[in-house]
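What follows is the residue order along each chain.
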Amino acid sequence: MSGYSDQPSGHVSGSVEGRGTRRADAQRNRERILQAARDLVHEPGELKLNAVAKACGIGQGTLYRHFPTREDLLAEVYRHEVEELVAAAPRLLATHRPLDALAAWFDRVAAYARVKRDVFAAIEAATWQDLAAHSLGPIGEAVELLLAAGRSSGSVRPDAEARDVIVLISWLSRLDDAELDARGPRLLSILINGLRTHPAPDPPGAPRG
């Protein structure tokens, strides 16, 4: 008996193809659930899983298979937001000059800050503390990637550290929507200017042109 499959070359069996389709459907459902939860967590009141399922147009059973509890769902909303924020750094560096990439990344930080604020307000303290601790490393690495590119190009001051930026942007998640809309862009612009390399001042007594 031949050791080779009887399936024609290049063809996939129906069972394998079916499993692939189910996995793709499950991934799409998961993404829809996360997007709906991200939108709804910003609404007043406690996030309800049945409201998320309704917004997605899926059954509650499908939602519970992905996220058995409300905290599971909210924790994953936050993790997903962190993943997108971190992945944006190298993408922006590929298409922007370093300082422009940093400024564009800060624009993305403002959206992340809203999600962080709303999710952390809706879950238990132990859960958000654990989420914050695990996200700090990846976000810090993304910041350092952007700063290192700026330092190499001479556009970012050489003493700028990722921790400096993390400490400063952490305040965004403490602002309500009105203040974040009003002050967020200006605060981030001030931060960019603070990170920018500025010409050294003329020494005292130097002649002025």
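Report follows, based on the coordinates. This one's a predicted model, so the numbers in the text were calculated from it and none came from an experiment.

A few words on the overall build of the protein. Helices and strands together make up the secondary structure of the protein, namely 8 helices and 0 strands. Along the protein, helices and strands appear, N-terminal first, in the series α-α-α-α-α-α-α-α. Out of the 209 residues belonging to the protein, those deemed buried represent 33%. Of all intrachain contacts in the protein linking residues separated by at least 6 positions in sequence, the fraction that spans at least 24 positions is 68%. Entry remark: accessible area of the protein is about 12,800 Å², with carbon and sulfur atoms responsible for 54%.

With that settled, the discussion passes to helix α6 (residues 125-153). An ideal rise of 1.5 Å per residue puts 42 Å on 29 residues; α6 measures up with 41 Å between its terminal C-alpha atoms. Most pronounced at Leu 136, the bend in α6 amounts to some 30°, and the proline Pro 138 follows within four residues. In the core, the buried residues of α6 are packed alongside α4 (70-95), α5 (98-122), α7 (162-169) and α8 (177-195). The positive-phi residue at the C-terminal boundary of α6 is Gly 154, with phi of around 85°.

Time to look at the packing of α7 against α8. Contact pair α7 / α8: the axes reach a minimum separation of 11 Å and the direction vectors enclose 165°. Between α7 and α8, the angle falls in the class roughly antiparallel. Here the hand of the crossing between α7 and α8 comes out right-handed. Two secondary-structure elements touch here, α7 through Val 165, Leu 168 and Ile 169 and α8 through Leu 188, Leu 191 and Leu 195.

With that settled, consider the side chain of Ser 173. Along the chain, Ser 173 falls in the loop between α7 and α8. Note on Ser 173: relative accessible area 14%, which makes it buried. From its side chain, Ser 173 meets the backbone oxygen of Ser 170 in a polar contact 3.0 Å long. For Ser 173, the residues in contact, after removing those within four places along its chain, are Ala 113, Lys 116 and Arg 117.

Turning to the packing of α4 against α6, a few remarks are in order. Each pair of packed helices can be summarised by the angle the axes make with each other and by the distance between the axes. α6 packs onto α4 with a crossing angle of 5° between their chain directions and a minimal axis gap of 9 Å. In terms of orientation, α4 lies roughly parallel with respect to α6. Counted together, Glu 71, Ala 75, Tyr 78, Arg 79, Val 82, Leu 85, Val 86, Ala 89, Pro 90 and Leu 93 of α4 and Thr 127, Leu 131, Ala 132, Ser 135, Pro 138, Ile 139, Ala 142, Leu 145, Leu 146 and Ala 149 of α6 form the full contact between these two elements. When grouped by side-chain class, the residues that make up the contact of α4 with α6 number 16 nonpolar, 2 polar and 2 charged.

With that settled, consider the packing of aromatic side chains. Tallied over the entire structure, the rule returns 4 aromatic pairs. Their ring planes at 50° and their centres at 6.2 Å tell us that Trp 105 and Phe 106 sit as a pair that is tilted. One aromatic cluster is present, built from ring pairs that chain together Tyr 78, Tyr 112, Phe 120 and Trp 128. Lying over the aromatic face of Trp 171, Arg 174 brings its terminal NZ or CZ to 4.1 Å of the ring centre.

Our focus in this paragraph is the nonpolar core. Counting 55 residues, the largest nonpolar core has Val 52, Leu 73, Trp 105, Phe 106 and Ile 169 as its most contacted members. Taken together, the elements giving at least two residues each to this core come down to α1 (14-40), α2 (49-56), α4, α5, α6, α7 and α8. In terms of residues, this core owes the most to one element, α5, which gives 12 residues. Excluding its chain neighbours within four sequence positions, the residues that come into contact with Val 52 are Ile 33, Ala 36, Ala 37, Leu 40, Leu 47, Leu 63 and Leu 73.

Cut-offs applied
- Residues numbered from 1 in each chain as written.
- Predicted model: local features only at pLDDT ≥ 70, side-chain atom pairs only at ≥ 80, totals over all residues.
- Heavy atoms only, no water.
- Helix = DSSP H or I, 4+ residues; strand = E, 2+ residues; numbered from the N terminus.
- Buried < 20%, exposed > 50% of the residue type's maximum accessible area, 1.4 Å probe, protein only.
- Contact = heavy atoms within 4.5 Å.
- Areas by Shrake-Rupley, 256 points an atom, 1.4 Å probe, with all protein chains shown as cover.
- Expected span 1.5 Å × (residues − 1).
- Bend = angle between axes of the 7 residues up to and from the residue.
- Axes fitted to C-alpha atoms, helices over the stretch in contact; angles between N-to-C directions.
- Parallel < 35°, antiparallel > 145°, perpendicular 65-115°, else oblique.
- Left-handed = near helix turned anticlockwise from the far one by under 90°.
- Polar contact = N/O pair within 3.5 Å; in protein donor to acceptor, adjacent residues only side chain to side chain.
- Nonpolar A, V, L, I, M, F, W, Y, C, P; charged D, E, K, R; others polar.
- Phe/Tyr/Trp six-rings, centres within 6.5 Å; stacked < 30°, edge-to-face > 60°.
- Lys NZ or Arg CZ within 6 Å of the ring centre and 35° of its normal.
- Core = buried A, V, L, I, M, F, W, Y, C linked by side-chain atoms within 4.5 Å.

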